[in-house]
Amino acid sequence: MKKKMKMESSSSDKRELWILIVYAIAFYSFVIQRSLRLSTDYHSQLYGLRSAWLSKFTRRSNDVSDAQWRNFRANLPILTIVFAIFGLAANAFRACFRFKARGMSFLWLFISFIYLTYLHGACIVFILAIALLNYLLVKIFARKKYFLLVLWSFNMFFLICNRVYEGYSFSIIGQQWAYLDNFRGTFRWHICFNFVVLRMISFGYDYHWADQDSRFDQEKHVHRCHICKSGKTCYHLLQERSVQDDKYSLSIYICYLVYAPLYLAGPIISFNAFASQLDVPQNNYSVRDVTWYGLRWVFSLLLMELMTHLFHYNAFAISGLWKQLSPMDVFIIGYGVLNFMWLKFFLIWRYFRFWSLICGIEAPENMPRCINNCHNLEGFWKNWHASYNKWLVRYMYIPLGGSQKKLLNVWVIFTFVAIWHDLEWKLLSWAWLTCLFFIPEMILKSTASALQVESALGQFVFRELSAVAGAVTITCLMVANLVGYVIGPSGINWLVSQFLQKEGLPVLGGMFVTFYVGTKLMFHIDDAKQRKYRSGL
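Residues numbered from 1 in each chain as written. Predicted model: local features only at pLDDT ≥ 70, side-chain atom pairs only at ≥ 80, totals over all residues. Heavy atoms only, no water.

### Comments concerning the pattern of salt bridges
When the charged atoms of two side chains with opposite charge come close together, those side chains can pair.
Now for step 1: Here the structure, examined in full by the defined rule, presents 15 salt bridges.
Now for step 2: Among the salt bridges present, the one from Arg 350 reaches Glu 365, with a minimum N-O distance of 3.2 Å. Of this pair, Arg 350 sits in helix α16 (residues 327-358) while Glu 365 sits in the loop between α16 and α17 (377-383); the two residues are 15 residues apart in sequence, bridging distant segments of the chain. Of the two residues, Arg 350 and Glu 365, both sit in the buried class.
Now for step 3: A salt bridge links Glu 365 to Arg 353; the nearest nitrogen and oxygen atoms lie 3.2 Å apart. With Glu 365 in the loop between α16 and α17 and Arg 353 in helix α16, the pair connects residues that are 12 residues apart, well separated along the chain.
Now for step 4: By relative accessible area, which is 17% here, Glu 365 ends up buried.
Now for step 5: Taken together, the shared-partner salt bridges in this structure form one network comprising Arg 350, Arg 353, Glu 362 and Glu 365. (Salt bridge = Lys/Arg side-chain N within 4 Å of Asp/Glu carboxyl O. Helix = DSSP H or I, 4+ residues; strand = E, 2+ residues; numbered from the N terminus. Buried < 20%, exposed > 50% of the residue type's maximum accessible area, 1.4 Å probe, protein only.)

Shown next as C-alpha cells:
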C-alpha cells in the first residue's frame with residue numbers, strides 16, 4: 001500500500017513539474033519579448049548606452065549605465081595583465097624559495113603596495129596609519145573585558161569619518177603637506193577601506209579568541225564534513241581553527257589587510273583562514289578545477305555582454321523612465337534590474353576570487369546560488385554576498401546572542417550593513433524594510449518547526465503554504481531591493497499606488513502566481529539535490 005502511494009506521489013510530482021516548467025518557459029518568453037520591445041521603443045531616451053564590440057552583430061548599443069560595471073569592464077584588460085604578473089611572481093617565489101607565512105607576507109606586501117600606490121597614491125599613508133592604530137589597540141586591549149567595545153568603537157568611528165570627510169585632505173595635517181592632495185591615485189581609498197574595516201575587526205576577534213577555549217569541535221567537524229573526510233581542508237575549519245601566536249605578527253596583519261587579489265572587492269576572508277593558507281596554499285581546487293572555474297567565468301562574461309546589449313534594464317532605472325511605464329513593464333524592468341545586479345556582482349566577485357585561488361588563497365564563494373533560486377530571506381542572504389554573511393554570522397550574529405535573540409539581532413546587523421555600504425537614507429530604508437519582512441518568515445519557521453506533519457495531506461498542505469510564503473517573500477525582496485538600489489524611499493508611495501490601481505491589480509496577481517510557480521520549481525530542484533546527495537552516500 002505504501003509502495004503504491006509512493007508511486008502515485010512520484011507520478012503526481014512529475015506532472016506538477018512539467019506544468020511548472022511549461023509555465024516558466026511561457027513566462028520567460030513573454031519577459032524576453034517585452035524587454036526587447038521596451039529597449040527598442042525607448043532607445044533614444046535612455047542614458048548610458050554606448051556602441052561596443054557586439055553592437056555590429058546585435059545592432060544595439062551596450063548598456064553601461066551602471067558606474068561600477070562600466071569601470072570594472074573598462075579596466076578589465078589592465079587588471080588581467082596585473083593579475084597575470086602578480087600571480088606568476090607570487091607562485092614562482094613560493095616554489096623557488098619555499099616561502100611559508102612570514103616569507104609570503106613580505107612578498108605580498110611588496111606586490112600589494114605597488115598595486116595600492118597605483119590605486120591610491122599618497123593616500124596609502126591614511127590606510128597605514130589607521131591600520132597601525134588598530135593593531136596597537138588589539139595588542140594592548142585584546143585580553144581586557146571591554147576589548148570588543150574598544151574594537152567596534154574604533155572601527156565604526158573611522159568607517160563613518162572616512163565617508164563624512166571624503167577620505168580627508170593632507171592639508172589637515174599641515175599646509176606643507178597640501179601638495180600631496182595632487183597625488184591621490186586613481187581610486188578613492190575610503191571606498192575600498194570599508195573592506196579593510198571588516199578585516200581589522202576579524203583580526204581583532206580572532207586574536208581575542210585565540211587564548212580562549214574554543215567551542216569548535218574539530219574532530220566532530222572532520223567526521224561530518226565530506227570535504228575534510230576526503231583529505232582536503234574546508235573553509236569552515238580554516239576559519240574556526242586558531243593559528244599559532246607567531247601568525248599574529250604585524251607583517252601578516254598588514255598583508256591580510258591589503259592582499260592585492262581580494263583588496264578591491266573581496267570576497268571577505270577571516271584572518272584565521274587567510275593566515276593558514278598563507279602558510280600552506282589551498283588544496284581544494286586542483287589546476288584543472290581552477291582552469292574550469294576561469295572558463296566558466298568567461299562564459300558568464302559573454303552572457304552579461306549579450307544581456308546588456310539586448311536588454312537595457314539598468315538604463316531605464318538610471319534614466320527614470322520606469323515612471324512612464326505601465327505596471328507590467330515596471331515589474332519587468334524591476335525584475336531585470338535585480339538579475340543584472342546579481343550577474344554584475346557575480347562576475348566582479350568571481351574574478352577576484354579566481355585571482356586569489358591561483359595565488360593559493362581560497363576565499364568563500366560570494367554567489368553560490370542564482371538569485372532566481374532563493375525563496376526565503378535567510379536563504380537569499382546566505383547566497384548573496386555569502387562571504388559577508390559568514391563574516392556577519394561569526395563576528396556579529398553569534399556574539400550578539402545568535403538565534404536566541406534573532407528578532408533583535410537582524411535590526412542591529414542590517415543597520416550596520418546599510419551604514420557599511422554608504423551613509424544614505426535609501427540604504428537605511430532598504431535595511432529596515434528587510435528587517436520588517438524577516439518577522440513573518442521567522443514566525444512561519446518557528447510555527448513549522450513546532451508542527452510535526454506526517455500524513456500525506458498534511459505534507460501537501462504544508463508544502464502549498466510554504467510555496468505561498470515563498471511568493472510573498474520574493475515580492476518583499478523585490479520591493480526592498482528596488483527601494484534600496486533603484487527608486488529610493490520616496491518612490492514607495494508611487495510604486496504601491498501603481499500596483500493597487502485598476503490596471504495594476506491583475507499584474508500584482510500575475511506576479512504572485514509567477515513567484516508561487518517559481519517557488520514550487522525551487523522545491524523540486526532542492527528535492528533533486530537531496531536525492532542526488534543521498535544516492536552518493
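### Some thoughts on the environment of Ile 252
Now for step 1: Tracing the sequence through the fold places Ile 252 in helix α11 (residues 250-258).
Now for step 2: Given the relative accessible area of 2%, Ile 252 is considered buried.
Now for step 3: Excluding residues that lie within four positions of it along the chain, Ile 252 makes contacts with Ala 101, Ser 105, Asp 246, Lys 247, Phe 271, Phe 274, Ala 275 and Leu 278. (Contact = heavy atoms within 4.5 Å.)

### Topic: helix α3 (residues 67-97)
Note on helix geometry: an α-helix contains 3.6 residues per turn, so any two residues three or four positions apart are oriented the same way.
Now for step 1: Along its 31 residues, α3 runs 42 Å from first to last C-alpha, staying within 8% of the 45 Å computed at 1.5 Å per residue.
Now for step 2: Taken residue by residue, α3 has Trp 69, Phe 72, Leu 76, Leu 79, Phe 83, Phe 86, Gly 87, Ala 90 and Arg 94 as its buried positions.
Now for step 3: For α3, the secondary structure elements touched by its buried residues are α4 (101-120), α12 (260-263), α13 (271-279), α14 (287-310) and α16.
Now for step 4: Where α3 begins, the side chain of Asp 66 points an oxygen toward the backbone nitrogen of Gln 68, at a separation of 3.3 Å.
Now for step 5: With its phi angle positive at about 50 degrees, Arg 98 sits one or two positions after the end of α3. (Expected span 1.5 Å × (residues − 1). Polar contact = N/O pair within 3.5 Å; in protein donor to acceptor, adjacent residues only side chain to side chain.)

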